[in-house]
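These are the residues of each chain, in order.
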Amino acid sequence: MTTETRYPLWEQFGPPSSFADPARTAIRAEGTRVLYADGRWRLCGTSGLWNVNFGYNNPRVADAIGEALRTASYLPAFRNSHRRAVDASRALTELCGPEHFGRVIHSTSGSAANDVTMKLARQYAALRGEPGRRLVVGLKGSYHGMTYGAHGLTGEDLGQAAYSVDRSLVRHVRHDDPAELAALLGAEGERVAAVVVEPVLGSGAFPLPETMLTALAALRETYGFLLVADEVATGFGRTGRNFASEAWPVRPDVLITSKGLTNGTCGAAAVLVSHRVCEEFERADAVLVHGETQAAAPTTCAAITASIGELERLGGARTPREAGERLTGVLTGLSGHPLVTGQGGTGCFQALRLGTDGGELPFPGVLLTVAALRRAGLTVQPGPGCVQLIPTLVYGDEDFEELAACLRTGLDEAADALLTGPLAAGPVGAAR
């Protein structure tokens, strides 16, 4: 292929053989649907990438960004501040609880926010006279991002050996086994700076069980680590609450949010820091050595403020909770399908578990199912032995009816290929 004809975009998380597929090349989006280069509008079952919580082309968010572009264009928060950044930070602390959270560190992605959080936790420990606290504990099967630090914290493989990701100061435990966490802390607790958990594991939509949440609260008291809620995916009404950690027995010391933070319009993340952590930095007048050129840009801050306004306009978590109940009903209606083994997750963050002959469907079969659903008119994301359903919080009756129909049609096509068609005896079928 010559340089003149080479497809110029390196698509993320896909092999080059899949690049330039018209059925996966988006042209425009509106509300809950996306138009692709093959001429078809498809129902979006993923809220973009878990981030378009209030619908594509949301006019209030778009207008706020446009006004910020016209009046402020670009202003940094690097050794400076600006009024829009202050206002957005105040709105975030008010939303998350000003009695608990004191300040906001702005970032440009969930991955980068996890990186700065690990730096924050280690520096906090050092300021308290515990420089040996350098370990960060995550969960097996978790997803925290693809920057170097976040990639190491992520509890999936994702090619870490090939990329030489350093995990020497990271440990992982099961999300549903408090005893494993307790054993790790019993051995290395005085070296642990933070335990970072997703309220719902991003890969597979597995909520943390109550036993784990109770254990985290008690173990924090015993060992003194910072408890971090990575709510990149679960924030802004995604699980039926403004933030999933609102239901925890204790508040996290640090809360990370992104995705729905700007309704997907800007590369943005925010790290909300509790008063007790802020006070340690204030006591020493210590500098957190971190900065990002585009963090807290005026357009980003306008989008944050507008997105908070949209969440409030929806009635807080009431409408998202109702949407989650509707989604649960749609997925429950698929029980008994030959490919469906169950469902999991919470709110508008759920997964349809897939399998054959009592076993989990191998990943090639999941990808085949995703392709069949796309042909049926629905876009979803693959997960381990599942397809993930993360609809926008503004799905209406027509959207849920279409979702149910597309799921049934696509699953029937996939089942025919995997269970009775020519693929049944092939690699995917053989793995059953």
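Structural notes, computed from the coordinates. (Residues numbered from 1 in each chain as written. Predicted model: local features only at pLDDT ≥ 70, side-chain atom pairs only at ≥ 80, totals over all residues. Heavy atoms only, no water.)

A few words now on the sheet that holds strand β6 (residues 170–173). Remark on secondary structure: sheet strands pair via backbone hydrogen bonds, oriented parallel or antiparallel. The strand order across the open sheet built from seven strands is β4-β12-β11-β10-β7-β5-β6, with neighbouring strands paired in mixed fashion. Each of the sheet's edge strands pairs with one partner strand only, and the pair in question is β4 (101–107) and β6. Each strand axis lies, on average, 20° off the axis of its neighbour in the sheet, ignoring direction. (Pairing = 2+ DSSP bridges. Helix = DSSP H or I, 4+ residues; strand = E, 2+ residues; numbered from the N terminus. Axes fitted to C-alpha atoms, helices over the stretch in contact; angles between N-to-C directions.)

Take the pattern of salt bridges next. What the rule picks out here adds up to 23 salt bridges. For Glu 188, the salt bridge is made with Arg 191, and the minimal N-O distance between the two is 2.7 Å. Since its relative accessible area comes to 15%, Glu 188 is described here as buried. In this structure Arg 191 comes out as partly exposed when scored by relative accessible area, which is 35%. Within this structure, Arg 128, Glu 130, Arg 133, Glu 280 and Arg 283 form a network of salt bridges that share partners. (Salt bridge = Lys/Arg side-chain N within 4 Å of Asp/Glu carboxyl O. Buried < 20%, exposed > 50% of the residue type's maximum accessible area, 1.4 Å probe, protein only.)

What follows is about unusual backbone geometry. Of note, Trp 50 is a non-glycine position whose phi angle comes to about 70°, a positive value. For Trp 50, a relative accessible area of 11% translates into the label buried. Although it is not a glycine, Ala 205 sits at a positive phi angle of roughly 55°. For Ala 205, the location among the structural elements is in the loop between β8 (200–201) and β9 (206–207).

Mapped onto the fold, Asp 412 is located in helix α13 (residues 397–420). A sequence separation of 248 residues divides Asp 412 from Ser 164, and the C-alpha atoms of the two residues are 41 Å apart.

Spatially, the four strands line up as an open sheet ordered β1-β2-β3-β16, and their pairing is mixed. Two strands bound the open sheet, and with one partner strand each, they are β1 (26–30) and β16 (378–379). The pairing of strand β2 (residues 33–36) with strand β3 (residues 41–44) spans three bridges and is classified as antiparallel. Bridging from a neighbouring strand, Arg 33 pairs with Leu 43 of β3.

As a further point, take the packing of aromatic side chains. One pass over the structure, following the stated rule, counts three aromatic pairs. Aromatic side chains Tyr 7 and Phe 19 sit 6.3 Å apart centroid to centroid with 45° between the ring planes, which places their arrangement in the tilted category. Of this pair, Tyr 7 sits in the segment before β1 while Phe 19 sits in the segment before β1, and the two are twelve residues apart along the sequence. The interplanar angle of 70° and the centroid separation of 5.6 Å between the aromatic rings of Phe 236 and Phe 243 together place this pair among those described as edge-to-face. (Phe/Tyr/Trp six-rings, centres within 6.5 Å; stacked < 30°, edge-to-face > 60°.)

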